[in-house]
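Listed below, chain by chain, are the residues.
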Amino acid sequence: MKLLSGEGLADGLGRVLVEERGTAQAFAETDTVVPVPLHWWRKWTRGYNQSEALAREIARLMGRSYDPRILRRARFTTQHAQPTRSARLANMKDAFRVRTGARITGKAVLLVDDVMTTGSTASVAAKALRDAGARRVAIAVLARR
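Residues numbered from 1 in each chain as written. Predicted model: local features only at pLDDT ≥ 70, side-chain atom pairs only at ≥ 80, totals over all residues. Heavy atoms only, no water.

## A look at the overall build of the protein
Helix and strand counts for the protein stand at six helices and six strands. Each helix and strand of the protein, ordered N terminal to C terminal, gives the series α-α-β-α-α-β-β-α-β-β-α-β. By residue count, 46% of the 145 residues in the protein fall in the buried class. Expressed as a percentage of contacts within the protein between residues at least 6 apart in sequence, the contacts between residues at least 24 apart total 74%. In the structure as shown, the protein presents an accessible area of about 8000 Å², 52% of it carried by carbon and sulfur atoms. (Helix = DSSP H or I, 4+ residues; strand = E, 2+ residues; numbered from the N terminus. Buried < 20%, exposed > 50% of the residue type's maximum accessible area, 1.4 Å probe, protein only. Contact = heavy atoms within 4.5 Å. Areas by Shrake-Rupley, 256 points an atom, 1.4 Å probe, with all protein chains shown as cover.)

As structure tokens, then:
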């Protein structure tokens, strides 16, 4: 457990999410759990992706498949300083791609993110998954601002 980096805390919060929401339909009907990816630079500077830690623990506790490589950050995006949802959506446009060869066609995906403000990141990431063939995409977030 990496308590100093915060990754261990994210694992624990993943357990809390499952304890609180694990029987919800979106969780129960999940085939695979996918985290919202960070750009490689942001992940390198932080040392971990908090959404990956949350998603990994959710998948483990629910006995679902987990693959942090299904969705990738295709380009760097600025941190959300935009004042409106439409500006945030424009910032996130084409930010995510499903990796070639990812097997999500017909699957119910649980997309995991740490914080949701306007929903623009989750919306764009979910669209990429649906466009690649996911049957359904549900979103789990730790916190809303």
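Past the structure itself, the notes keep going.
## What about the sheet that holds strand β2 (residues 65-66)?
Taken in spatial order, the four strands make up an open sheet running β2-β1-β5-β6, and their pairing is parallel. Either end of the sheet is taken by a strand with one partner, and the two such strands are β2 and β6 (136-144). Across four bridges, strand β1 (residues 32-35) lies against strand β5 (residues 108-116) in parallel orientation. Across the sheet, residue Thr32 finds its bridge partner in β5, namely Val109. Taken strand by strand, helix α6 (residues 120-131) contacts β5 and β6, and its axis lies near 160 degrees from that of β5. (Pairing = 2+ DSSP bridges. Axes fitted to C-alpha atoms, helices over the stretch in contact; angles between N-to-C directions.)

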